[in-house]
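Letter by letter, the chains look like this.
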Amino acid sequence: MKNIDLSLYLVTDKSDDVEKFLNTIEEAIKGGVTVVQIREKTAETLDFYNLALKVKEITTKYNVPLIINDRVDVALAIDAEGVHVGQSDMPCDVTRKLIGEDKILGVSAATIDEAKKAEKDGADYIGTGAVFPTATKDDAPSITKQDLKDVVDSISIPVVAIGGITLENASQLKDTGIAGLSVVSAIMSAENPKKASQDLLKIFNS
């Protein structure tokens, strides 16, 4: 299993102001973000590619893995460290064949069966949620804290929790056995992304 620090996993939201977007990512990494995933569900391929290249410059500078959501082609084109796929994206086993054994592969799984299949098919980690109500992904199935624990206990690869995680509720996930917190708005919409990252990490590690 690859040695990935998943403690604070930042998933980006849509980028209208690219300069602000890139600055937010860099500040978040300075605050302790350990993994960055770019999610651009509506971007044209060239726009996604160009944005991903700019983000890769930042993540490489700080030695933080860059994960591309869904788009295997973009991940390979910019030599990102990995890809994350959902249940309606490219199948996990096919994605693994395309990206090879060395790259990181994450899979969204909301049930034990989905998590077990992803592990069998070559996933390095699982993203499970939504653990709290979230506005950034309205199609995300919601799960209970017990569901989250059950997924963690059912597989041997690490699990990150995602969905509506904030400074106010992150501590509720402390005894679930997760490897990290995956957040979007709590950092991307924060006035001070660096401090938000530091505070989230403090909660997770306390």
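Residues numbered from 1 in each chain as written. Predicted model: local features only at pLDDT ≥ 70, side-chain atom pairs only at ≥ 80, totals over all residues. Heavy atoms only, no water.

Undergrad: So, the overall build of the protein: which residues are in play, and what are the values?
TA: Each helix and strand in the protein was counted, giving eight helices and eight strands. Against the globule reference of 17 Å for 206 residues, the protein gives a C-alpha radius of gyration of 16 Å, in line with a compact fold. By its C-alpha atoms, the protein is 40 × 40 × 30 Å across when sized along the principal axes. When each of the 206 residues of the protein is scored for burial, the buried share is 52%. (Helix = DSSP H or I, 4+ residues; strand = E, 2+ residues; numbered from the N terminus. Rg over C-alpha atoms; globule rule 2.2 N^0.38 Å. Buried < 20%, exposed > 50% of the residue type's maximum accessible area, 1.4 Å probe, protein only.)

Undergrad: Just give me the short version of the pattern of salt bridges, but keep the residues and values in it.
TA: Tallied over the entire structure, the rule returns 12 salt bridges. The partner of E27 in a salt bridge is K30, with the nearest N and O atoms 3.3 Å apart. With a gap of three residues between them, E27 and K30 both fall in helix α1 (residues 18-30), about one helical turn apart. Looking at K30, the relative accessible area reads 41%, which means it is partly exposed. Linking D124 and R96 is a salt bridge whose minimum nitrogen-to-oxygen distance equals 2.8 Å. With a gap of 28 residues between them, D124 in the loop between α5 (112-120) and β6 (125-129) and R96 in helix α4 (residues 92-99) connect regions that are remote in the sequence. Grouping residues by exposure puts D124 and R96 together as buried. Residues joined by salt bridges that share partners form a network here, namely K117, K120 and D121. (Salt bridge = Lys/Arg side-chain N within 4 Å of Asp/Glu carboxyl O.)

Undergrad: Break down the sheet that holds strand β1 (residues 8-11) for me, with residues and values.
TA: As summarised here, the arrangement of the eight strands in space is β1-β2-β3-β4-β5-β6-β7-β8, forming a closed barrel in which the pairing is parallel. On average, each strand axis in the sheet is tilted by 25° relative to the strand beside it, whichever way the strands run. Across four bridges, β6 lies against strand β7 (residues 159-162) in parallel orientation. Opposite I126, over in β7, you have V159 as the bridge partner. (Pairing = 2+ DSSP bridges. Axes fitted to C-alpha atoms, helices over the stretch in contact; angles between N-to-C directions.)

So, to be careful, I would describe these as geometric facts and stop short of saying anything about function.
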